[in-house]
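These are the residues of each chain, in order.
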Amino acid sequence: MVVEKLRQETQAIVSDLVQRSGLQKGQVFVLGMSSSAVAGGVIGKASSREIGQVIVKAILDTLRPLGIYLAVQGCEHVNRALVVERDLALRDRLEIVSVLPTLHAGGSGQLAAFDYMVDPVEVEFIQAQAGLDIGDTAIGMHVKHVQVPLLPLQKELGGAHLSALASRPKLIGGSRAAYPTDSIRKF
């Protein structure tokens with residue numbers, strides 16, 4: 001896939017998801033990605049540092065001006081730990097763990113996060129308000145409840161299947177309760 005096309009498609013997809021999910025300044029967008037899948041290969045078998053760099057930089061370039069944090073999920077070899085900015089980890093009292101990602105343990109997205117974030121650290125767990133899954137990497141464990149599926153602008157990025165999640169407040173009360181209009185999907 002041509003680098004410029006990958007960058008443009010990534011930015012368009014993320015901009016749309018941010019807008020439709022209602023993400024606000026200070027909130028967290030989680031990314032799970034398989035560069036192998038983007039390249040048309042099998043997850044974990046054809047990792048590409050360049051693909052990870054293009055995607056993560058495009059996402060950071062989209063989120064930073066909005067004041068939205070990025071959390072990049074690692075693969076199962078690092079127990080799905082996430083790379084975030086240290087100030088987010090300290091603000092939210094996230095458990096910082098000791099591991100440095102490699103191309104085949106953590107993955108290209110985490111390596112790129114270490115390249116492009118200001119002061120990156122690995123954390124054990126996060127509850128993001130929305131996120132993008134590139135290549136069926138299973139980000140659901142990192143998006144807070146209640147999760148609402150969002151359909152991205154396109155079904156694939158390169159050869160990777162795309163899915164996305166947002167979250168909304170829980171509905172409580174019962175049959176006599178009234179609820180504000182849902183900003184993600186209308187009832």
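First, a word on scope: everything that follows refers to the structure included in this document. (Residues numbered from 1 in each chain as written. Predicted model: local features only at pLDDT ≥ 70, side-chain atom pairs only at ≥ 80, totals over all residues. Heavy atoms only, no water.)

### Describing the environment of His145
Now for step 1: Of note, His145 is situated in the loop between strand S6 (130-134) and strand S7 (147-150).
Now for step 2: The class for His145 is exposed, based on a relative accessible area of 56%.
Now for step 3: Note: C-alpha distance between His145 and Ser167 (22 residues apart in sequence) is 6.1 Å. (Helix = DSSP H or I, 4+ residues; strand = E, 2+ residues; numbered from the N terminus. Buried < 20%, exposed > 50% of the residue type's maximum accessible area, 1.4 Å probe, protein only.)

### Notes on the pattern of salt bridges
Now for step 1: Under the criterion given, the structure shown has nine salt bridges.
Now for step 2: The salt bridge involving Arg80 is made with Glu76; its shortest N-O contact spans 4.0 Å.
Now for step 3: Looking at Arg80, the relative accessible area reads 22%, which means it is partly exposed.
Now for step 4: Glu76 gets classed as partly exposed once you look at its relative accessible area, which sits at 46%.
Now for step 5: A salt bridge links Arg86 to Asp119; the shortest N-O distance between them is 2.9 Å. With Arg86 in helix H4 (residues 86-91) and Asp119 in the loop between helix H5 (108-116) and strand S5 (120-123), the pair connects residues that are 33 residues apart, well separated along the chain.
Now for step 6: A relative accessible area of 32% places Asp119 in the partly exposed class. (Salt bridge = Lys/Arg side-chain N within 4 Å of Asp/Glu carboxyl O.)

### Quick look at the side chain of Ser108
Now for step 1: Mapped onto the fold, Ser108 is located in helix H5.
Now for step 2: Judged by its relative accessible area of 3%, Ser108 is buried.

### Here we look at unusual backbone geometry
Now for step 1: In this structure, the amide linkage connecting His145 to the following residue, Val146, adopts the cis form with an omega of 10°.
Now for step 2: Within the secondary structure layout, Val146 lies in the loop between S6 and S7.
Now for step 3: One non-glycine residue, Ala138, adopts positive backbone phi at about 70°.
Now for step 4: Looking at the element boundaries, Ala138 is found in the loop between S6 and S7.

### Examining the packing of helix H3 (residues 49-63) against H5
Now for step 1: In contact at an axis separation of 8 Å, H3 and H5 are set at 55° when each is read in the N-to-C sense. Classified by the angle between their axes, H3 and H5 sit oblique to one another. Like other packed secondary-structure pairs, H3 and H5 cross with a definite hand, here right-handed. Mapping the contact onto sequence places Arg49, Gly52, Gln53, Val56, Lys57 and Leu60 in H3 and Ser108, Gly109, Leu111, Ala112, Ala113, Asp115 and Tyr116 in H5. (Axes fitted to C-alpha atoms, helices over the stretch in contact; angles between N-to-C directions. Parallel < 35°, antiparallel > 145°, perpendicular 65-115°, else oblique. Left-handed = near helix turned anticlockwise from the far one by under 90°. Contact = heavy atoms within 4.5 Å.)

### Re the pairing of S7
Now for step 1: Side-chain alternation along S7 places Val148 and Leu150 on a buried face and Gln147 and Pro149 on a face that remains uncovered.
Now for step 2: Pairing between S7 and strand S9 (residues 160-167): four bridges, direction antiparallel. Residue pairing in the sheet places Gln147 in a bridge with Ser167 of S9. (Pairing = 2+ DSSP bridges.)

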